[in-house]
Every structure is written in structure tokens, then in C-alpha cells.
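Summary of the model geometry
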Amino acid sequence: KKKKKRRRKKEKRKETRPLTNLELTSSIPAWLQGTLLRNGPGMHTVGDSKYNHWFDGLALLHSFSIRDGEVFYRSKYLQSDTYNANIEANRIVVSEFGTMAYPDPCKNIFSKAFSYLSHTIPDFTDNCLINIMKCGEDFYATTETNYIRKIDPQTLETLEKVDYRKYVAVNLATSHPHYDEAGNVLNMGTSIADKGRTKYVMFKIPATAPGSKKKGKNPLKHSEVFCSIPSRSLLSPSYYHSFGVTENYVVFLEQPFKLDILKMATAYMRGVSWASCMTFCKEDKTYIHIIDQKTRKPVPTKFYTDPMVVFHHVNAYEEDGCVLFDVIAYEDNSLYQLFYLANLNKDFEEKSRLTSVPTLRRFAVPLHVDKDAEVGSNLVKVSSTTATALKEKDDHVYCQPEVLYEGLELPRINYAHNGKPYRYIFAAEVQWSPVPTKILKYDVLTKSSLKWSEESCWPAEPLFVPTPGAKDEDDGVILSAIISTDPQKLPFLLILDAKSFTELARASVDVDMHLDLHGLFIPDAGWNAVKQTPAKTQEDENSDHPTGLTAPGLGHGENDFTAGHGGKSL
Ligand SMILES: CC1=C(/C=C/C(C)=C/C=C/C(C)=C/C=O)C(C)(C)CCC1
Ligand SMILES: [Fe+2]
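Residues numbered from 1 in each chain as written. Chains lettered and ligands numbered in written order. Predicted model: local features only at pLDDT ≥ 70, side-chain atom pairs only at ≥ 80, totals over all residues. Heavy atoms only, no water.

Some points on the coordination of the iron ion (ligand 2)
Around the iron ion (ligand 2), the protein supplies His176 (NE2), His241 (NE2), His312 (NE2) and His518 (NE2) as donor atoms, at distances of 2.1 Å. Taken together, the 4 donor atoms coordinating the iron ion (ligand 2) span angles of 93 to 150° at the metal, a pattern that classifies the geometry as irregular. When the donors of the iron ion (ligand 2) are listed by position in the chain, the intervening gaps give H-x64-H-x70-H-x205-H. With a gap of 136 residues between them, His176 in the loop between strand S14 (172–173) and strand S15 (178–179) and His312 in strand S26 (residues 309–319) connect regions that are remote in the sequence. (Donors = N, O, S within 2.8 Å, 3.2 Å for Na, K, Ca; no water. Tetrahedral: all angles 85-135°; square planar, octahedral: opposite > 155°, others 65-115°. Helix = DSSP H or I, 4+ residues; strand = E, 2+ residues; numbered from the N terminus.)

Quick look at the site of ligand 1
Neighbouring residues of ligand 1: 17 residues in total, closest Glu144, His241, Trp274, His312 and Tyr336. Summarising the interface, the protein chains cover 97% of the accessible area of ligand 1, which totals 540 Å² for the free molecule. Classifying every residue of the shell around ligand 1 by side-chain character gives 11 nonpolar, 5 polar and 1 charged. (Near = heavy atom within 4 Å. Areas by Shrake-Rupley, 256 points an atom, 1.4 Å probe, with all protein chains shown as cover. Nonpolar A, V, L, I, M, F, W, Y, C, P; charged D, E, K, R; others polar.)

Things to note about the sheet that holds strand S10 (residues 131–135)
Strand pairing in a sheet is mediated by backbone hydrogen bonds. Such pairs are either parallel or antiparallel. Pairing in this open sheet of 4 strands is antiparallel, and the strands run S10-S11-S12-S13 from one edge to the other. Each edge of the sheet is formed by a strand with only one pairing partner; in this case those strands are S10 and strand S13 (158–163). The average undirected angle you get between the axes of adjacent strands in this sheet is 35°. Pairing of S10 with strand S11 (residues 138–142), which is carried by 5 bridges, proceeds in the antiparallel orientation. (Pairing = 2+ DSSP bridges. Axes fitted to C-alpha atoms, helices over the stretch in contact; angles between N-to-C directions.)

Thoughts on the sheet that holds S26
Overall, antiparallel pairing links the 4 strands, which are arranged S26-S27-S28-S31 in an open sheet. Each having just a single partner strand, S26 and strand S31 (402–406) make up the two edges of the open sheet. Strand-to-strand twist across the sheet, computed as the mean angle between neighbouring axes with direction ignored, equals 20°. Where strand S28 (residues 359–366) meets S31, 4 bridges bridge the pair, whose relative direction is antiparallel.

Quick notes on a nonpolar patch on the surface
Together, Leu234, Leu235 and Leu262 make up a nonpolar patch on the protein surface, roughly 240 Å² of accessible area in all. Residue placement: Leu262 occurs in helix H4 (residues 261–270). (Patch = residues over 30% accessible without salt bridge, like charges linked within 9 Å, V, L, I, M, F, W, Y side chains within 5 Å. Salt bridge = Lys/Arg side-chain N within 4 Å of Asp/Glu carboxyl O.)

With respect to empty space enclosed by the protein
Over the atoms rolls a probe the size of a water molecule, and its path tells where empty space is left. One pass over the structure, following the stated rule, counts 3 cavities of 30 Å³ or more. By volume, the largest cavity is sized at about 770 Å³. Around the largest cavity, the lining is made up of 47 residues, and of these Phe55, Ile130, Glu144, Tyr239 and Tyr336 lie nearest the centre. Here the lining of the largest cavity is composed, by residue class, of 32 nonpolar, 11 polar and 4 charged. (1 Å grid on protein atoms, 1.4 Å probe; cavity = no way out; pocket = protein on both sides within 12 Å on 5 of 7 lines; lining within 4 Å. Points joined across faces, edges and corners; volume = space filled by probe spheres on them.)

Here it is as C-alpha cells:
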């Protein structure tokens, strides 16, 4: 018992209490007030057991609150059922993407959690480590299963566990929803429970519960299915990580990177991970579904392109009768392969090489296909792109993209331009190694770029925050959490001027920060709001350590992307 207590205390100490007055290099723009809230895998070892894949790690939330020129930092593990069950058992007892685990036989912890999906697939994890979703007034940590976890964006406390299945029939859902101008959420999920009718389900969650402007109502209860698309193959639906929207359409790629439901149904018995149930069928095509938001039906033409693997859609818009969409595409699924912790060894940067560089590809899909157009003719009449769409017989159209840029991932845009013509992509530059070393601003119009980099620095996804009342698309700042491989260098929040890509300020944090995945910025309601001092929630746990240091994950020298700084971790 004593040992357990000690261990728990140690876990707690990996989290920070709010820190004030982070070291700033220069002043932060006065208008920049709010919280940068981010998510990512933070712990890859529980007791003596280790996860196999970087995407398995227990979710660690962290935030930078910027108020009146000061920056406050805090981090906290998501207290998911998965986290609690693992900590309680002192080993990994819940399966993640790359790790199959078994419940603790001595405990009854799984009596509730271990329900069966379609009587074959065990309940999925609620370790929501990928992104943060805003849903009405609420914020949720998200992953790709049917579970999301409500969180308090200020204290990072974990609140309710929400099962999407209570509201819409999905077993999987993306961690990259879209938002319309009113704040309604549009997301896509896959329904595999009903084996005979495997389908992709597009659903909407309203920003406010209809008929009530009162806070506290759960908008999820009012989720509605917007459209569903039958899967081409009932036993192997495609895997997808995101999708695109324009003002009137939705872009969904049914790619040849697939989930094998039969393999998934027997994975638990066979002791293999979910990841091993995913196959890239390089002989197959990538089908492009364009859904009309007015009719809520897919455009009937069968658009397709060559096999590829896409995780991130960048943006999509309509121009001259076409839907144009930009994605980051790979030739194969080697990205997932690289993130196995066994591959993330000490010589990681030298040894780990992607077999395909992520490329920015622009596709053009003609909305109205002339039945009389000649077979072989290009149906794209847009002058801004060299992408083509060749008419074939039987209502098929073969799309070939224009390759715009090579070596980028984690794309973000000024979200006010989502679904509309746009010019700038902010991303992490990655070449043959999956670790980003530069932040990139790519101008899709002039095809030129600006970059930020610094010796030994690994940047996170760059997030764009517009200046209030901004007119230009790039009028704002870029926020990115930077970690360093140099033990002498502290991790820091970097603030760049989005136009010139010059540094405006940085706030160094004396913690062991983890490399995160995705997040969002929550602007403060009023710029002149009363000065808020975050509550010192973790003070007593950390009182033996006045600076409230964080050592998420494994610490130095272990393979979890934690770039520590010498001697400071707990
Ligand atoms: C647990 C689980 C899954 C988890 C997938 C995850 C966690 C994917 C993360 C992807 C990322 C971070 C991509 C970045 O580009 C699946 C395969 C959906 C299916 C079944 C259960
Ligand atoms: Fe993502």
C-alpha cells in the first residue's frame, strides 16, 4: 500500500501546478489574451509495462495561459478510466492503438469497461490523447474511438466520459472535427457494429441545445446524422484521420488504408494490437466522396485517384465549378510504422527514415460532369491549378493532383478561411524523419515559403491566432510549444508574427515538456477582463519543489519525445 501511495505521489509530481512569470524574451502583443490548450501522449510506461507505439501514450494535457503580458503554464494527465485502471493495476491493462493489453484478473475493474462491441470487439480506450474539441460551451479531449472526455479548460481537470454511441451510431470518430461560423460541430465516424451495413456517418452537434440559450444543456443530446455513406467493403472500412469541408460540400477520402473487422474481432484472442488489423492495399484506389450539404447526399459521379494515405486535410474550397482540396499525402503507411517506440531509439533522427515524404497535394473535382464530354478529356477548367480530372467511361473520373510542396505535416490555417479560398498554410517541416525541425509558412499563391528554426529545437504544430479585427489572412501570431534536444535549453512557448515569421516573444518553462499533437486557442471573453490569477491547485503536492517542475513521460534518454533539460526533472 505504501509503495502504491509513493508511486501515486510520484505520478502527481509529474504534473505542474500553475507557474507564473515564465521567462519572457520580449513583450507579448497586448491583444493576445487567452489559453493555448494542447493534448498529446505523455506517459509510455506504467509500472514495468511499456506501450509499443508513441500514439499509445497516456494523454497529457497542457496549457499556456496568456494574460496581460504574462504566461502561466500547467499540465495534467487526463484522468481517463484507462489512466485510472492502469495506475490502479500498476501496469497497462487497457489496449491502445499499438498495444494489446489484458485486464487485471484480480480486480473487477473491467466489469464495466469490458463490454462487447457486436459481441466480438472489446470496449475501446478512453485515453483521449489526440486533440481538443469545442462543443457548445464545453471542451473535450478526443481520440478516434467512440469516447471523448470532457475537461475543464482552465484547471485541466477531467470531467465526464461521453460515449458518442449514446447519440449517434458510430464506433470510431475523428479527432479533427470541423466547425461552422455558428460553432456547430461537424464530424465523421464509422459504424462497424452492424456488420451487414458498415458505413461512414457524418454527424452534426449543434453549438447550443435547440430551444434553450441556457448554459449547462448538453448539445450532444441534439446530435443528428447528416449523411451516411456505405463502405465499399463491409468487412474493411477505410481508416481516416480527418476530412475537408467547403461552403457547400464535404470531402471524404475512402483510402486504401483499411481496418480489417475480422482481424479486429479476433485481435484480443490472438493477442495482437489494433494497429496490426490495419492494411494498406497498394493495389486499390482512393475514392473521393463529395457530399452536397444541401441535399445531404454524395455527388453520384465516381471520383477516384491513385492509392495514398492521408492523415491531414489542410483546406478545401469551391472555384469555377470545382471542389478544390489540399491534403498532406503519403505513398504508404510508413508513418505509423516509424512511431513504434522500438524504432524511436537514441539514433532516432539518423536511423528513422520515412519511406515516403509527406507531400502537399491539391486535387480538383469537377462538380458537374458533362455526360457528352469525351473519354480522356480533362474536366477541370480552373486556371489556378494543374490538377486534372479525366473523364472515363461509366461515370468514373480519374483525378490527378498538383504537388505543391514536399516535406510538411501538422498543417494549420487561419480557420476563418476554412472552406474558402485561402493563401497560407502553417505547418511543421518534416523531411525523411518524422520529427519536425522547422516551422513553415507556405503561400499557395506564390508557392514561396518562410521558415523558423533554431539549433536543437523540435517545434510542435504551429497554431494561428488572428489579431482582433484582422483584415489580412496572415494578420496574427503563430503559437508553438518548442522542445529542445539540448539539455541546457528550456522548452518554450514561441510567438511568431504570422506575416513576417519573425519572433515576437518566447516564454521559457522550467519543466520537462512532451512533444504534443494538436490543440486550440481559447481567446479570453473580454480583452480588459479582470486580471485572473490561476488557482494553485497542485501546490501541496509540489510543495517540496518550489518551481513545480514537470517530468511527463519517461524522462531523459527514453523514447517518448520528452526533450528534457539536464538535472531538472523530478
Ligand atoms: C485505439 C484505437 C484506434 C486508435 C488510433 C489512434 C490513437 C490513432 C492516432 C493517430 C494519429 C495521432 C495520427 C497523426 O497523424 C483505431 C485505430 C482508430 C481503431 C481501434 C482502436
Ligand atoms: Fe491529427
